[in-house]
Amino acid sequence: MFRFPLFILITLIVAFGGGIMISLYALDATQGFGAIKLGAWEAFPALQTVDADPYAKSHRARAGKLLYGSAEGLTFTASVDDEGARLNAGCRYRISGQTPPARLWTLFTADNGGNPAAVKSGLPSALNSWTVLRQPDSSFSIEISAVAEPGNWLALPQAGTFRLVLTLFDTPTAGSSGVIDLAMPKLTKTGCGNA
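Residue numbers here run from 1 along each chain, matching the order of that chain's written sequence. At least 70 in pLDDT is required for a residue's local features to be given in this predicted model, at least 80 for side-chain atom pairs to be given and counted, and no such filter applies to totals for whole chains, interfaces and linings, which use all residues. As a convention, hydrogens and water are excluded, and side-chain values are obtained from all of the structure's heavy atoms.

Engineer: I'd like to hear about the overall build of the protein, residue by residue, with values.
Structural biologist: A tally of regular secondary structure across the protein gives two helices and 10 strands. Going from the N terminus to the C terminus, the protein shows its helices and strands as α-β-β-α-β-β-β-β-β-β-β-β. Here the protein, with 195 residues, has 34% of them falling under the buried criterion. The Shrake-Rupley method, run with a 1.4 Å probe, gives the accessible areas here. Residue values count only the displayed protein chains as cover. Taken as a whole, the protein presents about 11,300 Å² of accessible surface, with 61% of it coming from carbon and sulfur. A run of DSSP states H or I qualifies as a helix once it reaches four residues; a run of E qualifies as a strand once it reaches two. Both are numbered from the N-terminal end. Each residue's exposure class comes from its accessible area (1.4 Å probe, protein chains only) as a fraction of the maximum for that residue type: buried when under 20%, exposed when over 50%, partly exposed otherwise.

Engineer: Can you tell me about the pattern of salt bridges, naming the residues and giving the values?
Structural biologist: By convention in these notes, a salt bridge is any Lys or Arg side-chain nitrogen within 4 Å of a carboxyl oxygen on Asp or Glu. The full count for this structure, using the stated rule, is one salt bridge. The closest approach of N and O atoms between Arg94 and Glu143, which form a salt bridge, is 2.6 Å. Of this pair, Arg94 sits in strand S4 (residues 91-97) while Glu143 sits in strand S7 (residues 140-145); the two residues are 49 residues apart in sequence, bridging distant segments of the chain.

Engineer: Any chance you could break down the state of the cysteines for me, citing the residues and the numbers?
Structural biologist: Two cysteines form a disulfide when their sulfur atoms are joined by a covalent bond. Pairs of cysteine sulfur atoms within 2.5 Å are what we label disulfides. Under the defined criterion, the tally for this structure stands at one disulfide. Here Cys91 is linked by a disulfide to Cys192, with a sulfur-sulfur distance of 1.9 Å. Across the S-S bond of Cys91 and Cys192 the torsion is about 90 degrees, and the bridge reads as right-handed. Taken together, the positions of Cys91 in strand S4 and Cys192 in strand S10 (residues 186-192) put the pair 101 residues apart, joining distant regions of the chain. Under the relative-accessibility criterion, Cys91 is labelled buried at 9%. The exposure class assigned to Cys192 is partly exposed, which follows from its relative accessible area of 31%.

Engineer: Go over the pairing of strand S9 (residues 163-169), please, and point to the residues and values.
Structural biologist: Strand residues, when the strand is regular, have side chains that alternate between the two faces of the sheet. For S9, the tally of buried residues reaches five of seven residues, placing the bulk of the element in the interior. Here, strands pair whenever DSSP counts at least two bridges between them. Looking at chain direction, strand S3 (residues 73-78) and S9 are connected through six bridges and run antiparallel. Opposite Ala78, over in S9, you have Leu164 as the bridge partner.

In structure tokens, the structure reads:
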């Protein structure tokens, strides 16, 4: 007597539950289409704009991220170094060079979800274009490690993998088609452990 309604109920739970789970997986699996890779840095120029594809819009809405105009900002992330090895908190890294032209840029260490990484209280986990120490030619060098370094330094979480997030604000490169010709700073591994 209750077999048929129970069968319909199970079918509906599987259909709706499976559809929701697959949709959430699709949103978490990608940030959208049109990625540009420049060395270790990856950007999605249309991700934060109104011209983004439906998956990117859904991803942004689910994460609660701000909407930039096409020339207001461009976010680059790096989850690997220039050699292609995954960024690991047990190693030390150096970012050197210059950023593309921008009125302001920010750089911070993030977890794998893109949220600011949890570092010990009082340690620097972010830098910006106004606080970074520069060479006479306007280039800079930033050390990224778990232990303090002289000069520009970003602290890392205690363990695990991480990402670096570099956001350029009010940059002419965000709205142009010349994004693939940008010169990004180099991200090199300088050692791991006590070596």
